[in-house]
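Examination of the molecular architecture
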Amino acid sequence: MKIEKIIYADNAATTKLDIEAFEAMKLFLLESYANASQPYSFSRATKQAIKEARELIARCINAEPDEIYFTSGGTESDNWAIKGIAFNDLSHKAIITSNIEHHAILNSCKQVEKFGVPVAYLSANNEAIITLEILEQYITPQTKLVSIMMANNEVGSIQPVKELSSLAHYNGALFHTDAVQAVGHIPVDVKKLGVDLLSASAHKFNGPKGVGFLYIKKGTNIIAHENGGQQEYALRAGTENVAAIVGMAIALNNNCKQLVYNSEHITKIEKHFLSLLAKNNIDFIVNGSKAHVPGNISLSIRNADGEMLLHRLDILNIMVSTGAACDSKNTQISHVLKAINLPEEYAKGTIRVSFGKDNSLQDAELIANSIKQILT
């Protein structure tokens, strides 16, 4: 039976816009719409808004305001981190990343390889974790950058970034983390983590789409992403998307203020959902590590068809994913599931159910019962 309302359980793909962020954005779309680079008084409000947004985001991740660089989102931030470091000098020192990264990292690394920069791809273990031991095997004094995501987008596993970063620095390398799935959902403190670069995307934490930021630690040598004007300290030229920047800052601040409450709420929903599946005698595996982003559940059901499940749930007004949203047109087993050596009889039946702060226990019950209904 079709459910009356839409049950949205794909928050790892994108999230609902924070209403306070939306209201704040309207001012800079309809009234204070001046180009912040202009010298006249009408631009003062937009200049001040960008300054305050930068300060607010910096406080949320314990950075300095001038270490926050606004971008169009996580993909641009990842591209800038990889290529900006790789092409900063012509020494062709190596980059290390992993085989479970987002394609924004993997494809950026493939691009720099074409220019002679060596790249090593570390293998994750069966919990989708990059261990210190595997990094130790590959890192050398010739390594210029290590890039390991903070939380995996498909299975939610949280990486030991602090320890990996420390090892990278011990060997003279910089450390970047793609924190797109982490920022606004788990504590992120760039000073405690010891990272040199960190990527984030607003639409993952209830901000608007098309905006994000790259944290660049002071003293990190990186080439400009865009050449042109003096925006973003002359490293990322182009007229600022003021409304989106303002919305991103407010959404992140609101999520950070409610981090503990949201985490407890979502974890309760997740546990309820998994217990119902077990009670329904469904043969499933939860992929990834126990240390994962709350609510990000990669669920593999034995001898099921993940694509079929997605479409049947869609008919019932339930929105989930088959894996990474960026691979939604690809019905093959994802690179992450292959990397963790998931048996084929489970891998083909994989869906990602990602609960958010707006979900409820009733949502979990409806999804679990609908899965049972479809499979029987």
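The preceding data block contains the structure.
To keep things clear, this report deals only with the structure shown in the data block. (Residues numbered from 1 in each chain as written. Predicted model: local features only at pLDDT ≥ 70, side-chain atom pairs only at ≥ 80, totals over all residues. Heavy atoms only, no water.)

**Considering the overall build of the protein chain**
A count of helical and extended segments in the protein chain gives 13 helices and 12 strands. Principal-axis analysis of the C-alpha atoms places the extent of the protein chain at approximately 65 × 55 × 35 Å. Expressed as a percentage of its 376 residues, the buried residues of the protein chain come to 56%. Once local pairs closer than 6 in sequence are excluded, the contacts in the protein chain between residues at least 24 apart make up 73%. Surface summary for the protein chain: the accessible area is close to 16700 Å², and the carbon and sulfur share equals 52%. Of the charged side chains in the protein chain, 35 are positive and 39 negative, and the gap between their average positions amounts to 2 Å. (Helix = DSSP H or I, 4+ residues; strand = E, 2+ residues; numbered from the N terminus. Buried < 20%, exposed > 50% of the residue type's maximum accessible area, 1.4 Å probe, protein only. Contact = heavy atoms within 4.5 Å. Areas by Shrake-Rupley, 256 points an atom, 1.4 Å probe, with all protein chains shown as cover. Lys, Arg positive; Asp, Glu negative; His and termini not counted. Charge placed at Lys NZ, Arg CZ, Asp CG, Glu CD.)

**Notes on the sheet that holds strand β9 (residues 284-286)**
Strand order across the open sheet formed by 3 strands is β9-β10-β12, with antiparallel pairing between neighbours. The sheet terminates laterally at β9 and β12 (350-354), the two strands that pair on one side only. Averaged over all pairs of adjacent strands, the angle between strand axes in this sheet comes to 25°, irrespective of strand direction. As judged from the 3 bridges shared by β9 and strand β10 (residues 296-301), these two strands associate in the antiparallel manner. Within the sheet, the bridge partner assigned to V286 lies in β10 and is L299. (Pairing = 2+ DSSP bridges. Axes fitted to C-alpha atoms, helices over the stretch in contact; angles between N-to-C directions.)

**Regarding the pattern of salt bridges**
Here the structure, examined in full by the defined rule, presents 10 salt bridges. For E76, the salt bridge goes to R236, with nearest N and O atoms at 2.7 Å. One end of the pair, E76, is in helix α3 (residues 74-86); the other, R236, is in the loop between β8 (212-216) and α8 (242-257), with 160 residues separating them in the sequence. The exposure class assigned to E76 is buried, which follows from its relative accessible area of 11%. We classify R236 as buried; its relative accessible area is 18%. (Salt bridge = Lys/Arg side-chain N within 4 Å of Asp/Glu carboxyl O.)

**Focus on the state of the cysteines**
In the structure shown here, the tally under the stated rule is 0 disulfides. For the unlinked cysteine C256, the closest cysteine sulfur is that of C60, found at 4.0 Å. Assessed through its relative accessible area of 27%, C256 is described here as partly exposed. (Disulfide = S-S within 2.5 Å.)

**Describing the side chain of T15**
Inspection of the secondary structure assignment puts T15 in the loop between β1 (7-8) and α1 (19-30). Using a relative accessible area of 8% as the deciding quantity, one classes T15 as buried. A polar contact is formed between the side chain of T15 and the backbone oxygen of H203, at a distance of 2.6 Å. There is a polar contact of 2.7 Å between the side chain of T15 and the backbone nitrogen of N206. Each residue touching T15, except ones within four places of it in the same chain, is listed here: H203, K204, F205, N206 and G207. (Polar contact = N/O pair within 3.5 Å; in protein donor to acceptor, adjacent residues only side chain to side chain.)

**Things to note about the packing of helix α2 (residues 44-60) against α8**
It is at 9 Å that the axes of α2 and α8 come closest, and there the two elements cross at 30°. Taken together, the axes of α2 and α8 are roughly parallel relative to one another. In the packing of α2 onto α8, the handedness of the crossing is left-handed. Residues T46, A49, I50, A53, L56, I57 and C60 of α2 form the contact with α8, whose own contacting residues are V242, I245, V246, M248, A249, I250, L252, N253 and C256. Here the contact of α2 with α8 is composed, by residue class, of 14 nonpolar, 2 polar and no charged. (Parallel < 35°, antiparallel > 145°, perpendicular 65-115°, else oblique. Left-handed = near helix turned anticlockwise from the far one by under 90°. Nonpolar A, V, L, I, M, F, W, Y, C, P; charged D, E, K, R; others polar.)

**Points about a nonpolar patch on the surface**
Residues L17, I19 and F22 make up a contiguous nonpolar surface patch of about 260 Å² in total accessible area. As for its placement among the helices and strands, F22 is situated in helix α1. (Patch = residues over 30% accessible without salt bridge, like charges linked within 9 Å, V, L, I, M, F, W, Y side chains within 5 Å.)

**Some thoughts on the environment of M308**
Tracing the backbone through its elements, the reader meets M308 in helix α10 (residues 306-315). M308 sits 14 residues away from T322 along the chain, and the two C-alpha atoms are 9.5 Å apart.

**Structural notes on the layout of surface pockets**
In this structure, the largest pocket encloses a volume near 440 Å³. Residue lining of the largest pocket: 29 residues in total, with N11, F355, G356, K357 and N359 positioned closest to the centre. Of all the secondary structure elements, the ones that give two or more residues to the lining of the largest pocket are β1 and α9 (259-279). Counting residues per element, the lining of the largest pocket draws most heavily on α9, which supplies 4 residues. Considering only residue class, the lining of the largest pocket consists of 9 nonpolar, 14 polar and 6 charged. (1 Å grid on protein atoms, 1.4 Å probe; cavity = no way out; pocket = protein on both sides within 12 Å on 5 of 7 lines; lining within 4 Å. Points joined across faces, edges and corners; volume = space filled by probe spheres on them.)

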